[in-house]
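Each chain, written out:
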Amino acid sequence: MSALKDKLKADLTASMKAKDEVRLRTIRMALAAVNVEEVSGKQARELSDDEIVKVLTKEAKKRREAAEAFGNAGRAAQAQAELDEQAVLEAYLPAQLSDEELNALVDAAIAESGATDPKAMGAVMKVLNPKVAGRAEGGRVAAAVRARLSG
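Small disclaimer: the values here were computed from a predicted structure and weren't measured.

## Overview of helix H2 (residues 21–39)
- For H2, which comprises 19 residues, the first-to-last C-alpha distance of 27 Å matches the rise-based estimate of 27 Å (1.5 Å per residue) to within 8%.
- Buried residues along H2 sit in contact with helix H1 (3–18), helix H3 (49–72) and helix H4 (76–90).
- Immediately downstream of H2, the backbone of Gly41 shows phi near 95°, a positive value.

## Observations concerning the pattern of salt bridges
- Evaluated as defined, the whole model comprises 16 salt bridges.
- Here Glu82 ties to Arg63 by a salt bridge, and the two come within 3.7 Å at their closest N and O atoms. Separated by 19 residues along the polypeptide, Glu82 in helix H4 and Arg63 in helix H3 bring together distant segments of the chain. There is no split in this pair, since Glu82 and Arg63 are both buried.
- What you see here is one network of salt bridges that share partners, running through Arg25, Glu59, Lys62, Arg63, Glu82 and Glu85.

## As for the environment of Ser113
- Residue position: Ser113 is located in helix H5 (residues 99–113).
- Ser113 sits in the partly exposed class, given a relative accessible area of 27%.
- It is 7.2 Å that separates the C-alpha atoms of Ser113 and Val127, two residues lying 14 residues apart in sequence.
- Residues within four places of Ser113 in sequence aside, it is in contact with Ala123, Val124 and Val127.
- Polar contacts involving the side chain of Ser113 include one to the main-chain carbonyl oxygen of Ile110, which spans 3.3 Å.

## Considering the nonpolar core
- Residues Leu4, Leu8, Ile27, Ile52, Leu56, Leu89 and Tyr92 are the most contacted members of the largest nonpolar core, which totals 20 residues.
- Every element with two or more residues in this core is listed here: H1, H2, H3 and H4.
- In terms of residue count, H2 provides more of this core than any other element does, seven residues in total.
- Setting aside residues up to four positions removed in sequence, Leu89 forms contacts with Thr26, Met29, Ala30, Leu56, Glu59, Ala60 and Arg63.

## A short note on unusual backbone geometry
- For Lys19, which is not glycine, the phi dihedral falls at a positive 55°.
- Among the secondary structure elements, Lys19 is positioned in the loop between H1 and H2.

Conventions we followed
- Residues numbered from 1 in each chain as written.
- Predicted model: local features only at pLDDT ≥ 70, side-chain atom pairs only at ≥ 80, totals over all residues.
- Heavy atoms only, no water.
- Helix = DSSP H or I, 4+ residues; strand = E, 2+ residues; numbered from the N terminus.
- Expected span 1.5 Å × (residues − 1).
- Contact = heavy atoms within 4.5 Å.
- Salt bridge = Lys/Arg side-chain N within 4 Å of Asp/Glu carboxyl O.
- Buried < 20%, exposed > 50% of the residue type's maximum accessible area, 1.4 Å probe, protein only.
- Polar contact = N/O pair within 3.5 Å; in protein donor to acceptor, adjacent residues only side chain to side chain.
- Core = buried A, V, L, I, M, F, W, Y, C linked by side-chain atoms within 4.5 Å.

Shown next, in the form of structure tokens:
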């Protein structure tokens, strides 16, 4: 079993004992998402830590989007609940890249790929994605690359 999954299970037990409802429901949801991913496909398999990070990143993004939707609909209580769950999930994710760090990686990837215009964005993304995996959202990375290549 992966170290991250072990940590999630241990934290689930600890949150039960502490009667921390937010952590408890969030970790349960995260473990359920991991289990669904493990049994999806033709054959059940054990996920690696990197794959679990991808699942948790996707779940955190769902929480962020739901909080935004609730906030726009004037449902502050539900929006705050989603943000609380997102905060719990982010504790298990690698630290996110700052704008300066992301821009430095984008510049290095552009130099490495030799891209000069927005048409070469795919080549830059191919070089950049492994370097930022799990540490920056795809849309944010694409926007930074697009801005650098067109500006």
